[in-house]
Amino acid sequence: MNTRRDRWGTWRALGAAVVVACTATAAHADAQLAADKGCYNCHGTPPKKNAPTFAQLAADYAKYRGDDGAVRQLADKLRSGSIFGHIDAHERLSATDAERLVRWIVDGAPPS
Ligand code: HEC
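Residues numbered from 1 in each chain as written. Predicted model: local features only at pLDDT ≥ 70, side-chain atom pairs only at ≥ 80, totals over all residues. Heavy atoms only, no water.

> Looking at this structure, I do not really get the site of the ligand. What am I missing?
Around the ligand, a shell composed of 19 residues is seen, among which Cys39, Cys42, His43, Tyr61 and His90 lie nearest. Tyr61 has a polar side-chain atom sitting 2.4 Å from an oxygen atom of the ligand. Within the side chain of His90, a nitrogen or oxygen atom sits 2.6 Å from a nitrogen atom of the ligand. Broken down by secondary-structure element, the contributors of at least two residues to the shell around the ligand are helix H2 (39-43), helix H3 (54-61), helix H4 (68-80), helix H5 (88-91) and helix H6 (95-106). A per-element tally of the shell around the ligand places H2 first, with 3 residues. Here the residues of the shell around the ligand sort into 13 nonpolar, 4 polar and 2 charged. (Near = heavy atom within 4 Å. Polar contact = N/O pair within 3.5 Å; in protein donor to acceptor, adjacent residues only side chain to side chain. Helix = DSSP H or I, 4+ residues; strand = E, 2+ residues; numbered from the N terminus. Nonpolar A, V, L, I, M, F, W, Y, C, P; charged D, E, K, R; others polar.)

See the structure below:
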């Protein structure tokens, strides 16, 4: 009797662990890209000077969730740099990386 209940408990725990591991891995790869590109130097906690933290940006950008057009526009805006002054880390991004990072922020950018 007991063993049976234990087995179900184990399977449920395993299933939950797999779900968590998958989402965490995708987000982790993007967080790693952000780290590689030096984004956390300014957007980490505490942020540098007047840079918003990724958590603040994620709160601002949450309204664009599911809106691919907006993600592309934000990525272009970030790379063009004209609005934000010159931030090398923004302007050096490839179109692909910029879009990936903006999408990551829009999706909630978990803190590193
Ligand atoms: C040298 C510091 C610095 C680095 C490095 C940096 N940023 Fe920024 N970032 C800023 C500052 C400062 C602002 C706010 C500028 C403003 O709002 O005028 C900003 C704003 C932003 C915004 C908001 C733009 C908007 O729509 O308001 C995003 C998104 C962003 N950064 C993403 C990134 C990403 C992704 C990286 C890594 C590739 C990165 N930043 C690296 C300083 C930095």
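> Got a minute to help me understand the side chain of Thr53 in this structure?
As for its placement among the helices and strands, Thr53 is situated in the loop between H2 and H3. Judged by relative accessible area, which is 11%, Thr53 ranks as buried. If we ignore the near neighbours within four places in the chain, the residues touching Thr53 are His43, Gly44 and Pro47. (Buried < 20%, exposed > 50% of the residue type's maximum accessible area, 1.4 Å probe, protein only. Contact = heavy atoms within 4.5 Å.)

> So what exactly am I meant to see when it comes to unusual backbone geometry here?
What is expected of a backbone is that most residues other than glycine have negative phi and most peptide bonds are trans. Geometrically, the link from Thr45 to Pro46 is a cis peptide bond, its omega value of 0° lying close to zero. One can find Pro46 in the loop between H2 and H3. At Lys49, a position not held by glycine, the phi torsion is positive, near 50°. Mapped onto the fold, Lys49 is located in the loop between H2 and H3.

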